[in-house]
Amino acid sequence: KELQAAAASALGSGASVALIVDRSCGVGKDRMLHWEIVQVDLAVQDLSAEIERACRSNGMMSRSSAAAAGLRSELSSAMGRRRTIASAAQAVAESPDPSP
């Protein structure tokens, strides 16, 4: 729920997040690129559950909980940095002009 709240506050109400699921396989000239992009509506869907589902469907069954926890932590940190930068930019924009 913390991740959901962080994403919603950073992106605004009614926002969506795109999860990219890499299902690529093969090596070298036989490599097949296969990405699926899942749109998560923050107002309706649980972002953490969708990350967990993406990890499981990507063949990371044994590591899915740890991988999902890592992704949630990384995303939560990024959202926090984004909020900090946005707050600083807003403070600068609202500060009075010091020039005479």
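Everything here concerns the structure above.
Bear in mind that the values here come from a model prediction, so they are computed numbers and not experimental data.

K.L.:
Help me get a handle on the overall build of the protein, residues and values and all.
P.N.:
The number of helices and strands found in the protein is 3 helices and 2 strands. When the helices and strands of the protein are read in sequence order from the N terminus, they spell out α-β-β-α-α. Going through the 100 residues of the protein one by one, you find that 26% of them count as buried. Long-range contacts, defined as pairs at least 24 residues apart, comprise 48% of the intrachain contacts of the protein with a sequence gap of at least 6. Carbon together with sulfur atoms contributes 58% to the accessible area of the protein, which is approximately 7,000 Å² in total.

K.L.:
Could you give an account of a nonpolar patch on the surface, naming the residues involved and the relevant values?
P.N.:
On the surface, Ile20, Leu33, Trp35 and Ile37 cluster together into a nonpolar patch covering about 510 Å² of accessible area. Within the secondary structure, Ile20 sits in strand β1 (residues 16-22).

K.L.:
So, the pattern of salt bridges: which residues are in play, and what are the values?
P.N.:
In this structure the tally under the stated criterion is 3 salt bridges. A salt bridge links Arg23 to Glu36, with the shortest nitrogen-to-oxygen separation between them at 3.0 Å. Residue Arg23 is located in the loop between β1 and β2 (35-41), and its partner Glu36 is located in strand β2; the two are separated by 13 residues in the primary sequence. On the basis of relative accessible area, Glu36 is assigned to the partly exposed category, the value being 30%.

What counts as what
Residues numbered from 1 in each chain as written. Predicted model: local features only at pLDDT ≥ 70, side-chain atom pairs only at ≥ 80, totals over all residues. Heavy atoms only, no water. Helix = DSSP H or I, 4+ residues; strand = E, 2+ residues; numbered from the N terminus. Buried < 20%, exposed > 50% of the residue type's maximum accessible area, 1.4 Å probe, protein only. Contact = heavy atoms within 4.5 Å. Areas by Shrake-Rupley, 256 points an atom, 1.4 Å probe, with all protein chains shown as cover. Patch = residues over 30% accessible without salt bridge, like charges linked within 9 Å, V, L, I, M, F, W, Y side chains within 5 Å. Salt bridge = Lys/Arg side-chain N within 4 Å of Asp/Glu carboxyl O.

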